[in-house]
Amino acid sequence: MADTTNMNVSGPIPFSSVGRVPSPGDNLAIAIRRLEAGTAVDYNGRMLVLDHTVLEGHRFVVEPIAAGRPLLSWGLPFGTALRDLTPGTYACNAQMLEALASRQLEFALPKQANFDDRIEPYRLNEARFQAAPPPPLSPESRTFQGFRRSGSRGVGTRNFIVLLGTSSRTAGFVRQLENRLKGIASHVPTIDGIVAAAHTEGGGETTPNNLELLLRTLAGFMVNPNVGAILAVDTGFEPVTNQVLQNYLQEHQYPIQEVLHHFLSLRGTFQAGLDEAESVVRGWLEPVGRMVRCEAPVSELRAGLQCGGSDAFSGISANPLLSWVAREIVRCGGCANLAETDELIGAESYVLQKVKDLETAKRFLFVVERFKERVAWHGSSAEANPSGGNKFRGLYNIVLKSIGAANKKHPEVRLDHVIDYAERMLQPGFYFMDSPGNDLESVAGQVAAGANLIFFTTGNGSVTNFPFVPTIKMVTTTRRFDLLSRDMDVNAGAYLDGTPMDELGRQTFDLSLRVASGERSAGERGGHSQVSIWRTWRQTDASRWEALSNLPQTDGKPRPIRILERATGLAQRFRAIRNGTDWTTDQVALILPTSLCASQIARMSADRLNQAGLGMGPGLSRYVALPHTEGCGASGGITRTLYTRTMLGYLVHPLVKSALLLEHGCEITHNDYMREQAEQSGIDWRRFGWASVQLDGGIERVLDKIQHWFQNRADADREVVVEPVGLEHLRIGLLAAGALSESAARSLAHLTSLLVGGGATVVVPENSALLTSVYREELLGSEPAKPSLSYGQRAIESGFHIMENPTDHWVETLTGLGATGVQMFLARPGQVSVQGHPLVPLLQWTDDQELGDRLGADLDLVVGRNPEQALEQLLELLLRCASRQLTPAVYSRGNLDFQLTRGWLGVSL
């Protein structure tokens with residue numbers, strides 16, 4: 001029976017002021033604001049009383065539903081009643097209750113679910129299929145001012161010079177190049193900017209499973225109509241090189257000859273590469289500046305349709321508004337591109353109501369099943385897509401999310417084309433593109449397909465933007481728009497407030513043409529953008545899933561090694577800083593983003609605080625952000641455990657003096673999730689700062705909040721204690737890129753023995769070349785090199801550790817090692833200098849004189865082939881860095897990167 005203690009004594013509230021029913025015939029309504037338990041509502045002349053507090057965006061029953069009968073929204077079933085449900089019942093399934101349990105709510109949740117999820121398998125009736133005609137052409141001849149490109153490239157809405165890292169190995173380079181070149185085109189009004197397109201892919205030692213789509217994406221980036229000129233940068237030694245990309249462009253007939261472009265391979269020092277790249281870009285300023293806007297028909301618009309941070313109102317206000325605008329673009333002869341394959345599962349019947357032909361319908365269903373199969377290889381389900389933020393805002397399961405997402409396709413528009421990820425749009429019409437629901441990965445595919453404008457609908461207030469394609473963001477409710485107005489473009493909530501959809505559609509279409517003509521969108525004005533390409537997946541069938549999901553656990557115990565004859569007369573002390581009850585080599589302030597969508601804002605915050613020098617001095621050297629692509633839009637289970645363990649490792653890292661966690665607000669691993677995980681791990685979460693891009697009011701407001709929190713910490717904690725301490729306070733990560741000479745391996749074996757014998761901790765990744773060389777023989781003899789730590793696991797006991805490492809990606813390896821608590825990396829590079837870590841200093845050395853001559857100032861030490869002399873020099877290098885007397889070369893040059901691995905079973909959702 002309903003709890004009526006809080007019943008409104010003045011009578012029931014009119015339904016129009018508290019809820020919306022998406023479609024006639026639905027048996028549930030959506031609360032448009034939080035409604036307290038006991039609230040009485042007048043629904044069509046009948047009074048219903050809410051049995052629990054209902055959050056904004058959540059559903060309550062308005063028509064009786066018998067046990068076993070479907071729950072309906074938009075006329076489609078999304079669940080089955082577990083018992084008879086009476087009007088006023090708060091509808092809840094198990095996964096929504098689980099998601100809300102981790103939130104800090106001040107009211108009691110229902111004790112158990114009252115409906116089961118329901119996904120109706122869709123079966124195409126080929127015998128009754130009827131091809132749909134296209135929508136009638138628009139009688140209006142609308143235009144915009146764009147950059148007309150030659151050949152088949154189309155018309156750009158922007159004119160950018162793009163700096164493309166061909167693989168992740170040059171991500172740090174193009175970011176640093178962007179920083180260096182900021183402002184050099186400010187005097188050229190027709191150039192919109194010089195931007196980096198850095199990503200995480202193609203940087204391992206082996207050919208990635210996503211090679212085809214990666215090359216297709218890079219090729220599509222290069223010929224996108226918003227590109228005035230593009231520089232592609234590689235090292236020449238990775239699996240995905242400039243030459244591989246050039247071959248792909250030629251074989252697949254991309255019109256690269258119509259684009260100003262240059263392929264640059266880094267061979268010498270980082271600085272020499274920057275100098276060469278700057279010379280190329282400066283040479284483009286004049287020809288790119290001559291490109292000017294001219295009148296172009298709307299048929300030249302290619303729009304990417306996206307949603308992120310969706311809520312229950314996405315399918316009622318923002319997505320229908322977007323579908324109105326997309327319909328007009330298609331009616332004018334342009335292209336609209338709907339994506340996010342897993343976010344259409346359960347909405348197939350809606351998507352296929354109108355289709356060009358039977359083959360297109362069958363192709364769409366094939367793509368959906370192919371996506372499900374790939375996810376299943378990794379022991380996951382595409383139906384697990386909804387994030388914690390989605391559920392918090394009323395999207396209980398994938399069907400509800402999909403039905404709402406599908407509303408980006410207008411009922412009058414037919415499905416004309418089904419394409420693979422990043423496949424080019426070469427004909428007009430409405431497209432579906434295969435992609436994960438991960439917003440940024442999906443957007444990258446649409447840009448590569450040729451999108452020159454992105455429309456992004458959001459309920460929570462996602463701040464997503466892309467570097468060289470403008471994004472127009474539409475928010476579902478007026479309340480969220482008011483909270484985030486500086487970062488949003490359109491208040492779709494005006495429809496809920498009474499503005500007719502046609503009027504709102506015309507206003508948004510007019511805005512779209514102004515943005516296409518050069519008016520800056522909110523995201524462009526905020527200076528925020530990110531790139532993430534559909535990340536590689538590790539399995540190619542289901543054969544390994546069971547074995548990989550049952551790998552033996554590590555014990556955290558250091559591995560015994562031979563303590564070789566210890567060198568005498570060598571310095572074995574360094575000047576350390578007291579950090580709590582321990583001693584460390586440095587102290588930094590950390591801004592840790594809990595997901596990919598908060599990452600760029602964390603980077604912006606760290607840059608701002610470093611520029612201000614807030615609280616910096618002997619006890620605080622710098623502010624550090626650790627931006628990454630995880631925390632949302634990826635499978636859970638083992639992958640999320642790995643992610644969480646690594647993140648917690650950085651929170652309590654010995655170099656971190658103070659830390660603040662920054663959520664986007666709608667991710668899976670939001671702040672409440674991280675608090676709960678910290679508490680379960682015995683970490684006092686109250687010592688950290690907490691901020692939310694969405695809940696704190698957007699980018700500028702959250703940047704101010706972060707600065708205020710660190711200012712308070714700086715004011716409260718100024719004491720610095722520095723003293724000489726021994727090796728027992730030192731933690732070192734050892735790495736090698738490529739094969740080792742015997743002398744180098746022997747030198748590192750002696751160094752490891754000396755350090756561990758003195759009480760230090762040394763951590764080596766399990767797949768390091770060190771463990772296949774004389775290094776292993778010297779230290780372990782015939783004992784197996786069995787991992788003692790999982791990826792990202794804190795090393796509690798000092799000694800020699802081997803870290804489990806389910807990746808061959810250099811940066812992902814650094815990221816895992818860093819979370820173990822090492823204070824420095826000592827790395828021997830291969831043919832080129834390697835990327836460093838934003839938090840943990842990385843020292844590069846070699847005993848190869850030719851390499852030393854070629855890499856020059858990128859290296860911190862070049863030694864001879866005498867192991868005894870090398871040992872002395874390497875130890876001195878470590879102790880100087882530990883005493884803050886030396887800044888590693890890689891750090892001073894800015895060649896830094898950070899990225900978490902997804903392990904063996906991670907896959908995009």
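Here the structure is shown first, and the text comes after it.
Residues numbered from 1 in each chain as written. Predicted model: local features only at pLDDT ≥ 70, side-chain atom pairs only at ≥ 80, totals over all residues. Heavy atoms only, no water.

Chemist: When you look at unusual backbone geometry in this model, what are you seeing that I'm missing?
Modeler: If a residue is not glycine, its phi is most likely negative; likewise, a peptide bond is most likely trans. The phi dihedral of Gln253 falls on the positive side, at around 60 degrees, and the residue is not glycine. Non-glycine residue Glu340 carries a positive phi angle of around 70 degrees. By the element assignment, Glu340 lies in the loop between strand E18 (335-338) and helix H7 (348-351). According to the relative accessible area criterion, Glu340 is buried, its value standing at 1%. (Helix = DSSP H or I, 4+ residues; strand = E, 2+ residues; numbered from the N terminus. Buried < 20%, exposed > 50% of the residue type's maximum accessible area, 1.4 Å probe, protein only.)

Chemist: Is there a simple way to think about the pairing of strand E10 (residues 143-148) in this case?
Modeler: Across a regular strand the side chains alternate sides, sitting on one face of the sheet and then on the other. Note: E10 against strand E16 (residues 294-297), four bridges, orientation antiparallel. Looking at the pairing, Gly146 lines up with Cys294 of E16. Two strands pair when backbone bridges link them, and E10 and strand E11 (residues 155-156) are joined in this way by two bridges, in the antiparallel orientation. The partner of Phe147 across the bridge, within E11, is Gly156. The loop that links E10 with its antiparallel partner E11 comprises six residues; one of these, Gly151, has a positive phi angle of about 65 degrees. (Pairing = 2+ DSSP bridges.)

Chemist: Got a minute to help me understand the nonpolar core in this structure?
Modeler: In globular proteins that are soluble, nonpolar side chains generally tend to be buried together. Grouped together as the largest cluster of nonpolar side chains are 143 residues, with contacts concentrated most on Phe60, Phe221, Phe364, Phe455 and Phe468. Here the element with the most residues in this core is helix H6 (residues 314-331); it accounts for nine residues. Residues in contact with Phe455, not counting those within four places in the same chain, are Ala303, Gly304, Leu305, Gln306, Leu322, Val325, Ile329, Ile472, Met474 and Ser512. In terms of nonpolar packing, the next biggest core, distinct from the first, is built from 47 residues, Val756, Val774, Leu843 and Leu886 among them. (Core = buried A, V, L, I, M, F, W, Y, C linked by side-chain atoms within 4.5 Å. Contact = heavy atoms within 4.5 Å.)

Chemist: Would you explain the packing of aromatic side chains in this entry?
Modeler: We describe a pair of aromatic rings using the distance from one ring centre to the other and the angle between the two ring planes. Taken as a whole, this structure holds 18 aromatic pairs when the rule is applied. Taking 4.9 Å as the distance between ring centres and 80 degrees as the angle between the ring planes, the aromatic pair formed by Phe15 and Tyr43 counts as edge-to-face. Of the two residues, Phe15 is situated in the loop between strand E1 (13-14) and strand E2 (19-20) and Tyr43 in strand E4 (residues 40-43); the sequence distance between them amounts to 28 residues. Look at Phe15 and you get buried, because its relative accessible area is 14%. Relative accessible area serves as the criterion here: at 8%, Tyr43 is assigned to the buried category. Taken together, the ring pairs connect Phe371, Tyr421, Trp534 and Trp537 into an aromatic cluster. In this structure, Arg538 is placed above the aromatic ring of Trp904, and the distance from its NZ or CZ to the ring centre is 4.1 Å. Arg675 extends its terminal NZ or CZ atom over the ring of Trp690, reaching a point 4.3 Å from the ring centre. (Phe/Tyr/Trp six-rings, centres within 6.5 Å; stacked < 30°, edge-to-face > 60°. Lys NZ or Arg CZ within 6 Å of the ring centre and 35° of its normal.)

Chemist: Just checking my understanding: could you explain the pairing of strand E13 (residues 193-197) for this structure?
Modeler: Burial of E13 is extensive: five of the five residues sit out of reach of the surface. The two faces of E13 match: Gly193, Val195 and Ala197 on one face and Ile194 and Ala196 on the other face are all buried. Since strand E12 (residues 160-165) and E13 lie parallel, the crossover through helix H2 (residues 171-181) that links them has a hand, and here it is right-handed. (Right-handed = clockwise from strand over helix to strand, strands pointing away.)

Chemist: Before we go on, may I ask you to explain the sheet that holds E2 in this structure?
Modeler: Strand pairing in a sheet relies on backbone hydrogen bonds, with the paired strands running either antiparallel or parallel. The strand order across the open sheet built from three strands is E2-E3-E6, with neighbouring strands paired in antiparallel fashion. Looking at which strands have only one partner, the edges of the open sheet turn out to be E2 and strand E6 (59-61). By the bridge criterion, two bridges tie E2 to strand E3 (residues 28-31) in an arrangement that is antiparallel. Opposite Arg20, over in E3, you have Ile30 as the bridge partner.

Chemist: Can you help me understand the side chain of Thr585 in this one?
Modeler: Checked against the element boundaries, Thr585 lands in the loop between strand E25 (582-584) and strand E26 (588-593). Since its relative accessible area comes to 4%, Thr585 is described here as buried. For Thr585, the contacting residues outside a window of four places in its chain are Phe574, Leu655, Leu730, Gln823, Ala882 and Arg884.

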